[in-house]
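These are the residues of each chain, in order.
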Amino acid sequence: METLKTTAKRKIRVAVLYGGRSSEHEVSLQSATNVIQNLDRSRFEIVPIGIDKQGSWFLGHDPFPQLGESGELQLSADDERRLFTPDLIGKQPAIARSLTSHAHSADRIFDVVFPVIHGPHCEDGTVQGLLELADVPYVGSGVLASSVGMDKDVSKRLIKASGLNIPPFLSIKQGHWMQDPDSFCREVRAQLKLPLFVKPANTGSSVGVQKIKDYAALNTAIDTAFTYDTKVIVEQGIDAMEIEIAVLESLHYGHDPIISVPGEIRPQNGHEFYSYESKYLDANGYALFIPAPVAEPIQEKLKQVAKAIFALLDCEGMARVDLFLEKGTDQIYFNEINTIPGFTQISMYPKLMVASGMEYKDLLSHLIDLAIDRHSRKSLLCREYVPE
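Residues numbered from 1 in each chain as written. Predicted model: local features only at pLDDT ≥ 70, side-chain atom pairs only at ≥ 80, totals over all residues. Heavy atoms only, no water.

Engineer: Explain the overall build of the protein chain here, please?
Structural biologist: Looking only at helices and strands, one finds 12 helices and 15 strands in the protein chain. Burial analysis of the protein chain (388 residues in total) assigns 52% to the buried set. Within the protein chain, contacts between residues at least 6 apart in sequence are counted, and of these 66% link residues at least 24 apart. Within the structure as shown, the protein chain displays about 18400 Å² of accessible surface, and the carbon and sulfur contribution to it stands at 49%. (Helix = DSSP H or I, 4+ residues; strand = E, 2+ residues; numbered from the N terminus. Buried < 20%, exposed > 50% of the residue type's maximum accessible area, 1.4 Å probe, protein only. Contact = heavy atoms within 4.5 Å. Areas by Shrake-Rupley, 256 points an atom, 1.4 Å probe, with all protein chains shown as cover.)

Structure follows, in structure tokens:
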């Protein structure tokens, strides 16, 4: 691949990848709309690529005619612009070529991919692995951090092993639940105190998350969570402030990442926690406080914890670290990490970075530059063993 530098001859072609096969498909469309509208047109040419809920990839047109009456990106599933479909896997090359009009092209239609996709089959390392195989630069963390970051069970266990605090929790896979739900419920009663949060282990945007105040509601809540994932966690609630911090890798390789000011999310309007409904369906479902109303020494401690978690989970590019600050004790607990945080108009990650001195357009350019630089470094690695 040619060196990707902005020149008078050609802008860098950025494929904005959106949609996807997860329950956060619609949220992705909102995020991609904002990214497309804020990319620096003096440096970048935008190539929209949408993934439908069946996993097929479609090359978009000029992005702005694709904006519907709502002002949000629309996914155009046009067979003439189909780039890839999972049905191609395992078929004879001649058949595969006949199924896509772009398969014969020797030139890539983009230089770097900006994934703005959320949830399973998207930000969990699946797409990142495909892009690694294709040797394409892409924004954000690699396969490992993406996968670990998506799995709330694994990420919490790693954070706990490092010595940082996590809320008490238990996890269970669907097969074990189907065999003996009563045993697990007894274990929950014995080890965890109410209230409890029941969560699919591998979703974001609070999809499938429920707060329960009575053990009698546990079975139903777990059954519901299993409609979104094959592993579920049950976590003890903490009386705490919900804190989010944006972390951004430095353009100076090896330097410490940029850490935003902490922000607080406070559910309101009858919402007991920061649920999907409060985020996306109720315009008054929450209030944001940026910076969070905590003393400066506590802010610094929160930032240091976020920085440590970013490194512990081997993140690259960006991540939003979600923490709990326990009321009365100021103990900090890890909640979760998002390696592809939301980029919608209401999303905390860009808001936190703007509050910390980096404008939205500059943030997007920074992330793309990081992706290109990382790919350039990795391209220098030896791909075969040469005995000394």
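Engineer: Hey, could you run me through the packing of helix 7 (residues 181-191) against helix 8 (residues 218-225) in this one?
Structural biologist: Pairs of packed helices are described in terms of their axes, by the angle between the two and the distance that separates them. Across the interface, helix 7 lies against helix 8 with an axial gap of 11 Å and an inter-helix angle of 115°. When the axis of helix 7 is compared with that of helix 8, the two are roughly perpendicular. Crossing hand, helix 7 versus helix 8: right-handed. Taken together, the residues of helix 8 that come into contact with helix 7 (itself represented by P181, D182, F184, C185 and V188) are L218, N219 and I222. Looking at the contact of helix 7 with helix 8 residue by residue, the class counts come to six nonpolar, one polar and one charged. (Axes fitted to C-alpha atoms, helices over the stretch in contact; angles between N-to-C directions. Parallel < 35°, antiparallel > 145°, perpendicular 65-115°, else oblique. Left-handed = near helix turned anticlockwise from the far one by under 90°. Nonpolar A, V, L, I, M, F, W, Y, C, P; charged D, E, K, R; others polar.)

Engineer: Honestly, empty space enclosed by the protein in this entry has me stumped. Any pointers?
Structural biologist: Unoccupied space between atoms shows up once a probe the size of one water molecule is rolled over them. One pass over the structure, following the stated rule, counts two cavities of 30 Å³ or more. In this structure, the largest cavity occupies an estimated 100 Å³ of space. Here the second largest cavity defines a volume of roughly 70 Å³. Lining the second largest cavity are E123, S146, G149, M150, K152, T203, G204, E336, I337, N338 and T339. When residues of the lining of the second largest cavity are traced back to their parent elements, those giving at least two are helix 4 (143-150) and strand 15 (332-338). (1 Å grid on protein atoms, 1.4 Å probe; cavity = no way out; pocket = protein on both sides within 12 Å on 5 of 7 lines; lining within 4 Å. Points joined across faces, edges and corners; volume = space filled by probe spheres on them.)

Engineer: I would appreciate a short explanation of the confidence of the model for the protein chain in the present structure.
Structural biologist: Segments scoring low in pLDDT should not have their predicted coordinates read at a detailed level. Across the protein chain, the average pLDDT comes to 88, with 86% of residues at or above 70. For residues 101-105, every residue scores under 50 in pLDDT, and the model assigns this stretch eight contacts once sequence neighbours within four places are set aside. (pLDDT = per-residue confidence, 0-100.)

Engineer: How should the sheet that holds strand 4 (residues 82-84) be read in this particular structure?
Structural biologist: What holds strands together in a sheet is hydrogen bonding between their backbones, with the strands either parallel or antiparallel. Sheet architecture is open: five strands sit in the order 4-3-2-1-5, paired in mixed fashion. In the strand order of this sheet, the two ends are held by strand 4 and strand 5 (112-115), each with one partner. Averaged over all pairs of adjacent strands, the angle between strand axes in this sheet comes to 35°, irrespective of strand direction. Contacting strand 1 (12-19), strand 2 (44-51) and strand 5, helix 1 (residues 25-38) crosses the sheet at an angle of about 155° to strand 1. Contacts between helix 12 (residues 360-378) and the sheet are confined to strand 1, strand 2 and strand 5, with strand 5 contributing the most and set at about 130° to the helix. (Pairing = 2+ DSSP bridges.)

Engineer: What should I look at first to understand the environment of D223 in this one?
Structural biologist: Mapped onto the fold, D223 is located in helix 8. In the structure, D223 is positioned 45 residues away from M178 in sequence and 9.6 Å away in space, judged by C-alpha atoms. A distance of 2.9 Å separates polar atoms of two side chains, one belonging to D223 and the other to W177. (Polar contact = N/O pair within 3.5 Å; in protein donor to acceptor, adjacent residues only side chain to side chain.)

Engineer: Hey, could you run me through the pattern of salt bridges in this one?
Structural biologist: Side chains that differ in sign of charge can pair as their charged atoms come close. Under the criterion given, the structure shown has 17 salt bridges. The salt bridge partner of E235 is K199, with a shortest N-O separation of 3.2 Å. Remark: K199 occurs in strand 7 (residues 196-200) and E235 occurs in strand 9 (residues 231-236); sequence separation between them is 36 residues. The salt bridge involving R320 is made with D322; its shortest N-O contact spans 2.8 Å. On the basis of relative accessible area, R320 is assigned to the buried category, the value being 11%. A single salt-bridge network, built from bridges that share partners, covers D151, D153, R157 and K231. (Salt bridge = Lys/Arg side-chain N within 4 Å of Asp/Glu carboxyl O.)

Engineer: Got a minute to help me understand the packing of aromatic side chains in this structure?
Structural biologist: Within a pair of aromatic rings, the relevant descriptors are the distance that separates the centres and the angle that separates the planes. Inspection of the entire model under this criterion finds five aromatic pairs. Note on F114 and F343: the rings are 6.0 Å apart at their centroids and 85° apart in plane angle, and the pair reads as edge-to-face. Of this pair, F114 sits in strand 5 while F343 sits in the loop between strand 15 and helix 11 (348-355); the two residues are 229 residues apart in sequence, bridging distant segments of the chain. In terms of burial, F114 and F343 fall into one category: buried. (Phe/Tyr/Trp six-rings, centres within 6.5 Å; stacked < 30°, edge-to-face > 60°.)

Engineer: Would you mind going over the nonpolar core with me for this structure?
Structural biologist: Nonpolar side chains tend to gather and get buried jointly when the protein is soluble and globular. Within the largest apolar cluster, 34 residues are counted, with the highest numbers of intra-cluster contacts made by F114 and F343. Counting only elements with at least two residues in this core, the list comes to strand 1, helix 1, strand 2, strand 5, strand 10 (240-248), helix 11 and helix 12. Excluding residues that lie within four positions of it along the chain, F343 makes contacts with Q30, S31, N34, V35, F114, M318, Y349, P350, Y360, L363, L364 and L367. Among the nonpolar cores identified, the runner-up in size contains 29 residues, and F169, I298, I309 and I337 belong to it. (Core = buried A, V, L, I, M, F, W, Y, C linked by side-chain atoms within 4.5 Å.)

Engineer: What exactly am I supposed to notice about the pairing of strand 14 (residues 318-326) here?
Structural biologist: Each regular strand shows side chains that alternate between the opposite faces of the sheet. Taken across its nine residues, strand 14 has eight buried, putting it largely inside the fold. In this structure, strand 10 lies alongside strand 14, joined through nine bridges in antiparallel fashion. Bridging from a neighbouring strand, A246 pairs with R320 of strand 14. Relative to strand 15, strand 14 runs antiparallel, the two sharing six bridges. Across the sheet, residue F324 finds its bridge partner in strand 15, namely Y333. Count of turn residues in the strand 14/strand 15 antiparallel hairpin: five residues, of which G328 carries a positive phi of about 90°.

Engineer: Would you explain the sheet that holds strand 6 (residues 169-173) in this entry?
Structural biologist: With respect to topology, four strands assemble into an open sheet ordered 6-9-7-8, the strand pairing being antiparallel. With partners counted over all chains shown, the strands left at the sheet margins are strand 6 and strand 8 (210-212), one partner each. Averaged over all adjacent pairs, the angle separating strand axes in this sheet is 20°, with direction ignored. Of the strand pairs in this sheet, strand 6 and strand 9 are connected by five bridges, and their pairing is antiparallel. Bridging across to strand 9, S171 finds its partner in I233. Together, strand 6, strand 7 and strand 9 form the strand contacts of helix 7, whose direction differs from that of strand 6 by roughly 170°. Of the strands in this sheet, strand 7, strand 8 and strand 9 touch helix 8, which is tilted by about 25° from strand 7.

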